[in-house]
Amino acid sequence: MPNSIKHLTLIAIMMISSISFSQAAEKVEKPEVLARHVILIGSDGMGAYAFEKAKVPHLRKMMKEGAYSLKARSVLPSSSAVNWASMLMGSDPVLHGYTEWGSETPEIPSRVVGETGIFPTIFSLLEKQRPDAKKGVSYTWEGIGYLFEKPWVDLDYNGYSEESTLENALEFIVDEKPALTFIHFNEPDSIGHEIGHDTPEYFEKVEMIDGLVGKLLDALKESKMMQDTVIIFTADHGGIGKGHGGQTLTEMEIPWIIYGKNVPARGKLEFPIITYDTGATIAYILGLETPDVWRGKPVTEAFEKDEN
Ligand SMILES: [Zn+2]
């Protein structure tokens, strides 16, 4: 090939690649806001298997009128803190560094830390990108208190009972109209350790949690907030016998239910959800950009309006 033709070819290639680059750059706009309020409910130790036997009318209603997966997976080990961290931090334990059931600080140095000294959670994305938006956490297990940026939340309440956790969250939600509220319930994990998973006592606690979800739905309807809210209901892990942490699907498979504004009644989702996709999905709903150190993908299938 003569040099001049080589030169022209090179220019043509450069032009084509610069066009496709600018098209790609245009695509990276700030995502639109799908709902003004997101409420994340996490029920400690609620395995997806629980839905086979427990009577959970409120969760069933959300599954029917929204979308769900009973094949979402925990990260490993199938333990608490490592999974709550992954959910809120939108990333994998090898990057955020919280690896155990009760991690209060990361066992592996976090790949990135924010101004409050911890790996960036969904709350820090809100703080940085929408500083006026209110956000809060109400939780029964004190271990949750190590897994978010305390100085940046407007509610930080460690409940003495599941009811007090819910009551405080509801007051905050109705009064402050927050963009994001995370409610953590400690059951049925506690009864799972005490009496055992897959026992009548375990399912009783599952049904109790369903009742609390019902109270939340009522309060949102009454305050007319439901029309601008998305609720995500999930868990950190399931369990087997009197424990969890292992590699069986009974321990790893968790429910993932999404219901509310802009979520059509799609029912069962095919997307292979991992718990860190929850953080990414919340960011997607609230129109927040996610940092490179996050690994979760938004479950966009839940928002697709065309059922084909
Ligand atoms: Zn446990």
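Above this text sits the structure in question.
Conventions used here
- Residues numbered from 1 in each chain as written.
- Predicted model: local features only at pLDDT ≥ 70, side-chain atom pairs only at ≥ 80, totals over all residues.
- Heavy atoms only, no water.
- Pairing = 2+ DSSP bridges.
- Helix = DSSP H or I, 4+ residues; strand = E, 2+ residues; numbered from the N terminus.
- Contact = heavy atoms within 4.5 Å.
- Axes fitted to C-alpha atoms, helices over the stretch in contact; angles between N-to-C directions.
- Parallel < 35°, antiparallel > 145°, perpendicular 65-115°, else oblique.
- Nonpolar A, V, L, I, M, F, W, Y, C, P; charged D, E, K, R; others polar.
- Salt bridge = Lys/Arg side-chain N within 4 Å of Asp/Glu carboxyl O.
- Buried < 20%, exposed > 50% of the residue type's maximum accessible area, 1.4 Å probe, protein only.
- Lys, Arg positive; Asp, Glu negative; His and termini not counted.
- Polar contact = N/O pair within 3.5 Å; in protein donor to acceptor, adjacent residues only side chain to side chain.
- Donors = N, O, S within 2.8 Å, 3.2 Å for Na, K, Ca; no water.
- Tetrahedral: all angles 85-135°; square planar, octahedral: opposite > 155°, others 65-115°.
- Patch = residues over 30% accessible without salt bridge, like charges linked within 9 Å, V, L, I, M, F, W, Y side chains within 5 Å.
- Areas by Shrake-Rupley, 256 points an atom, 1.4 Å probe, with all protein chains shown as cover.
- Charge placed at Lys NZ, Arg CZ, Asp CG, Glu CD.
- Core = buried A, V, L, I, M, F, W, Y, C linked by side-chain atoms within 4.5 Å.

A. Layout of the sheet that holds strand β8 (residues 267-268). If you walk across this open sheet you meet the 8 strands as β4-β3-β5-β1-β6-β7-β2-β8, and the pairing is mixed. Each edge of the sheet is formed by a strand with only one pairing partner; in this case those strands are β4 (155-158) and β8. Sheet topology note: the strand β1 (residues 37-43)/strand β6 (residues 229-234) ladder contains 6 bridges and is parallel. Within β6, the residue paired with histidine 37 across the bridge is threonine 229. Here helix α5 (residues 122-129) sits on the sheet in contact with β3 (135-139) and β5 (180-185), set at roughly 160° to β3. Sitting on the sheet, helix α10 (residues 277-285) touches β1, β5, β6 and β7 (253-260), and the angle it makes with β6 is about 175°.

B. Geometry of the packing of helix α2 (residues 57-65) against helix α8 (residues 200-222). Two elements in contact, α2 and α8, have axes whose closest approach is 7 Å; the angle formed by their N-to-C orientations is 60°. Classified by the interaxial angle, the pair formed by α2 and α8 is oblique. Within the contact between the two elements, α2 uses Pro57, His58, Leu59 and Met62 and α8 uses Asp210, Gly211, Val213, Gly214 and Leu217. Split by residue class, the contact of α2 with α8 holds 5 nonpolar, 3 polar and 1 charged.

C. Seen up close, the pattern of salt bridges. The final tally for this structure, using the stated rule, is 9 salt bridges. Here lysine 61 makes a salt bridge to glutamate 65, at a shortest N to O gap of 3.2 Å. You can see lysine 61 and its partner glutamate 65 sitting in helix α2, 4 residues apart, about one turn around the helix. Lysine 135 is the salt-bridge partner of glutamate 127, the closest N and O atoms lying 2.8 Å from each other. Look at glutamate 127 and you get partly exposed, because its relative accessible area is 23%. When salt bridges with common partners are traced through the structure, they connect Arg36, Asp228 and Lys261 into a single cluster.

D. Main features of the side chain of glutamate 301. Tracing the backbone shows glutamate 301 in the segment after α10. Here glutamate 301 is buried and forms no salt bridge, its nearest opposite-charge partner arginine 266 lying at an N-O distance of 4.9 Å. At 2.8 Å, the side chain of glutamate 301 and the backbone nitrogen of phenylalanine 271 are in polar contact. Leave out the neighbours within four places in its chain, and glutamate 301 touches Arg266, Lys268, Leu269, Glu270 and Phe271.

E. Representation of the coordination of the zinc ion in the model. Around the zinc ion, the protein contributes the donor atoms Asp189 (OD), Asp189 (OD), His193 (NE2) and His244 (NE2), at 2.0 to 2.5 Å from the metal centre. If you look at the zinc ion, its 4 donor atoms make angles of 54 to 149° with each other, and the shape they trace is irregular. Mapped onto the sequence, the residues coordinating the zinc ion show the spacing D-x3-H-x50-H. Of this pair, histidine 193 sits in helix α7 (residues 189-194) while histidine 244 is found in the loop between β6 and α9 (249-252), placing the two residues 51 residues apart along the sequence.

F. Structural context of a negative patch on the surface. A surface patch of like charges, here negative, comprises Glu163, Glu167, Glu171 and Asp175. Within the fold, glutamate 163 resides in helix α6 (residues 162-176). Relative accessible area serves as the criterion here: at 38%, glutamate 163 is assigned to the partly exposed category.

G. Expanded view of the environment of valine 112. Here valine 112 is to be found in the loop between α4 (93-96) and α5. The partly exposed category is assigned to valine 112, whose relative accessible area is 33%. Once the C-alpha coordinates of valine 112 and valine 293 are considered, the two residues, 181 residues apart in sequence, prove to be 7.4 Å apart. Excluding residues that lie within four positions of it along the chain, valine 112 makes contacts with Phe119, Pro120 and Val293.

H. Expanded view of the nonpolar core. By size, the foremost hydrophobic cluster in this structure holds 85 residues, and its most contacted members are Ile122, Leu216, Ile231 and Ile258. In terms of residue count, α8 provides more of this core than any other element does, 10 residues in total.

I. Representation of the pairing of β5 in the model. For β5, a buried count of 6 out of 6 residues is recorded, marking the element as mostly surrounded by other parts of the structure. The alternating pattern of β5 places Leu180, Phe182 and His184 on one face and Thr181, Ile183 and Phe185 on the opposite face, and all of these are buried. In terms of strand pairing, β1 meets β5 through 6 bridges, oriented parallel. In the sheet register, glycine 42 faces β5, and the bridge partner there is histidine 184. Sheet analysis places β3 next to β5, joined by 5 bridges and oriented parallel. By the bridge assignment, glycine 136 is partnered in β5 with threonine 181.

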